[in-house]
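Each chain, written out:
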Amino acid sequence: MRAIWKGAVSFGLVSIGVKVYSATEEKDIRFHQVHREDGGRIRYKRTCSVCGEEVTYDDIAKGYDIGGGEMVILTDEDFADLPLSTSHAIDVLEFVPAEQVDPILYNKAYFLEPEGSATKPYVLLRDALSDSERVAIVKVALRQREQLATLRVREGVLLLNTMLWPDEIRRPDFGFLDEDLKVRPPELAMASSLIDSMAGEFEPDAFTDDYRAALQEVIDAKVEGREVVQPEEEEAAPAAAVDLMAALKASVERARAARGEAPSGGGAEPTPISSARSAKKAAKKAPAKKAEPAKKTAAKKTPAKKTAAKKAEPAKKTAAKKTPAKKTATKKSA
């Protein structure tokens, strides 16, 4: 495969250099238009409908038809100032359950390969994504167009699925949807029985394109030989070194600060992500005398999430029973 795009996945403050490859390919048999008499290729010239002259690519601009025969002409300078994200970044926006993404939104699929020294953070993101059972919602600029996409794991590789924007999905507007049609229970039962009789496990390799195979046989019968030229791949530039743990730690701290959450500790087994929180434990070990005022301040703040709200209730009950501050501080530090 040949890389069609190079850039980086922005995961918090971690930058993962990647190469992008098309994950699918069309197997349609393509034809050229030729002259029936001698087989010559039919060529098309770019001519101006006003002056009739042939126009080169350098003299071609983009025009937007506003109706009434009027055209707005846009130049490269007009596109240069548009708020298009960099063409070499895949920005992770959030992580969501895969079932929440309607399959109709999916457009094209691409494989991501780590580039240079980005293998370790690539594998870290891949494994963390698999454990979370979620997909990453990202934005990426491909072919001068900003696109929404997902990142998920397939066969050990990060897979980028570009998506259509919601306003690009048409709504079904058919007359029968407004008709009051009722299906009789016996008919529904028979249809369900038919479905059960045809049920099976989906195996894509079991299905073939019979028309394409037959057409290929016809072409092969007429072809004497052909030569295929494969362009050489460009040499990959080395990716910049990344201090992975430092970037992860800063990313976690920034994400919590954005949600208004206070640092939290715990006795869980350290992991590549949770070990980045160890530096915050010292901030929690406040003197016993100051523990009670700290509780009152925390009680006044509205928690950012439900999880934080549940933790705040025991703190209020403890304050109501007038439990000594030292015991409360001991429980928290544990």
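Model, not experiment: these values are computed from the prediction.

Undergrad: Help me understand the environment of Glu 113, please; the structure alone is not making it clear to me.
TA: Examined against the element boundaries, Glu 113 turns out to sit in strand 6 (residues 106-114). When the C-alpha atoms of Glu 113 and Ala 3 are compared, they prove to be 9.1 Å apart, with 110 residues separating the residues in sequence. Apart from residues lying up to four places away in sequence, Glu 113 is in contact with Gly 17, Val 18, Lys 19, Tyr 21 and Tyr 122. A polar side-chain atom of Glu 113 sits 2.5 Å from a polar atom in the side chain of Tyr 21.

Undergrad: Just to check I follow, could you spell out the side chain of Gln 147 for this structure?
TA: Among the secondary structure elements, Gln 147 is positioned in strand 8 (residues 145-154). Of the residues examined, Gln 147 reaches a relative accessible area of 10% and is grouped as buried. When residues no more than four places from it in sequence are discounted, the contact partners of Gln 147 are Val 138, Lys 139, Val 140, Leu 142, Thr 162 and Trp 165.

Undergrad: What is the right way to look at the nonpolar core in this model?
TA: Across soluble globular proteins, nonpolar side chains show a tendency to be buried alongside one another. Judged by nonpolar contacts, the single largest core of 23 residues is most densely connected at Val 9, Ile 90 and Leu 112. Of all the secondary structure elements, the ones that give two or more residues to this core are strand 1 (5-11), strand 2 (14-22), strand 5 (89-97), strand 6, helix 2 (119-132), strand 7 (134-142), strand 8 and strand 9 (157-163). Among residues more than four places away in sequence, those in contact with Val 9 are Val 14, Ser 15, Ile 16, Val 18, Ile 90, Val 92, Leu 112, Leu 125 and Leu 151. Membership of the second largest hydrophobic core comes to seven residues, among which are Val 96, Leu 105, Ile 137 and Met 163.

Undergrad: Is there a simple way to explain a nonpolar patch on the surface in this structure?
TA: On the surface, a nonpolar cluster with roughly 550 Å² of combined accessible area is contributed by Tyr 64, Ile 66, Val 72, Leu 74, Phe 79 and Leu 82. Mapped onto the fold, Ile 66 is located in strand 3 (residues 62-67). The exposure class assigned to Ile 66 is partly exposed, which follows from its relative accessible area of 47%.

Undergrad: What should I look at first to understand unusual backbone geometry in this one?
TA: Negative phi values dominate among residues other than glycine, just as trans dominates among peptide bonds. The phi dihedral of Glu 133 falls on the positive side, at around 55 degrees, and the residue is not glycine. Its relative accessible area of 68% is what places Glu 133 among the exposed residues.

Undergrad: Explain the packing of aromatic side chains to me, please; I cannot follow it from the model alone.
TA: Geometry of an aromatic ring pair is reported as the spacing of the ring centres plus the angle between the planes. The full count for this structure, using the stated rule, is three aromatic pairs. With a centroid separation of 6.1 Å and an interplanar angle of 85 degrees, the aromatic rings of Phe 11 and Phe 95 are classed as edge-to-face. With Phe 11 in strand 1 and Phe 95 in strand 5, this pair connects stretches of sequence that are 84 residues apart. Taking 6.3 Å as the distance between ring centres and 15 degrees as the angle between the ring planes, the aromatic pair formed by Phe 174 and Phe 176 counts as stacked. Seen from the ring of Tyr 57, Arg 46 lies directly overhead, with NZ or CZ sitting 3.9 Å from the centre.

Undergrad: What is the right way to look at the pattern of salt bridges in this model?
TA: Considering all chains together, one arrives at seven salt bridges under this definition. The shortest N-O distance in the salt bridge between Glu 155 and Arg 154 comes to 3.8 Å. Accessibility expressed as a relative area gives 38% for Arg 154, which makes it partly exposed. Asp 209 is the salt-bridge partner of Arg 212, the closest N and O atoms lying 3.6 Å from each other. Residue Arg 212 is classed as partly exposed on the basis of its relative accessible area, which comes to 30%.

Undergrad: What am I meant to see in the sheet that holds strand 1 here?
TA: Pairing between sheet strands relies on hydrogen bonds along the backbone, with the strands arranged either parallel or antiparallel. Pairing in this closed barrel of seven strands is mixed, and the strands run 1-2-6-9-8-7-5 around the ring. Strand after strand, the sheet turns through a mean of 40 degrees between neighbouring axes, direction not considered. Of the pairings in the sheet, the one linking strand 1 to strand 2 comprises seven bridges and is antiparallel in character. In the strand pairing of strand 2, Ser 10 is matched with Ser 15.

Undergrad: Would you take a moment to explain helix 3 (residues 185-197) for this structure?
TA: Residues three or four positions apart in an α-helix share a direction because the helix packs 3.6 residues into each turn. For helix 3, built from 13 residues, the straight-helix expectation of 18 Å at 1.5 Å per residue is met to within 8% by its first-to-last C-alpha distance of 18 Å. When you tally the buried positions in helix 3, you get zero out of 13 residues, a small fraction of the element.

Undergrad: What am I meant to see in the confidence of the model for the protein here?
TA: When pLDDT drops low, the exact placement of atoms in the prediction is not to be read closely. Put simply, the protein has an average pLDDT of 75, and 69% of its residues get 70 or more. Confidence scores differ between elements of the protein, with helix 9 (residues 325-333) showing the lowest mean pLDDT of 43 and strand 9 the highest of 95. Below pLDDT 50 for its whole length, residues 266-283 participates in 18 contacts with residues either more than four positions away or in separate chains. Predicted confidence is poor over residues 288-334, with pLDDT under 50, and the contacts of this stretch with residues over four places away or in other chains come to 20 contacts.

Quick notes on the rules
- Residues numbered from 1 in each chain as written.
- Predicted model: local features only at pLDDT ≥ 70, side-chain atom pairs only at ≥ 80, totals over all residues.
- Heavy atoms only, no water.
- Helix = DSSP H or I, 4+ residues; strand = E, 2+ residues; numbered from the N terminus.
- Contact = heavy atoms within 4.5 Å.
- Polar contact = N/O pair within 3.5 Å; in protein donor to acceptor, adjacent residues only side chain to side chain.
- Buried < 20%, exposed > 50% of the residue type's maximum accessible area, 1.4 Å probe, protein only.
- Core = buried A, V, L, I, M, F, W, Y, C linked by side-chain atoms within 4.5 Å.
- Patch = residues over 30% accessible without salt bridge, like charges linked within 9 Å, V, L, I, M, F, W, Y side chains within 5 Å.
- Areas by Shrake-Rupley, 256 points an atom, 1.4 Å probe, with all protein chains shown as cover.
- Salt bridge = Lys/Arg side-chain N within 4 Å of Asp/Glu carboxyl O.
- Phe/Tyr/Trp six-rings, centres within 6.5 Å; stacked < 30°, edge-to-face > 60°.
- Lys NZ or Arg CZ within 6 Å of the ring centre and 35° of its normal.
- Pairing = 2+ DSSP bridges.
- Axes fitted to C-alpha atoms, helices over the stretch in contact; angles between N-to-C directions.
- Expected span 1.5 Å × (residues − 1).
- pLDDT = per-residue confidence, 0-100.

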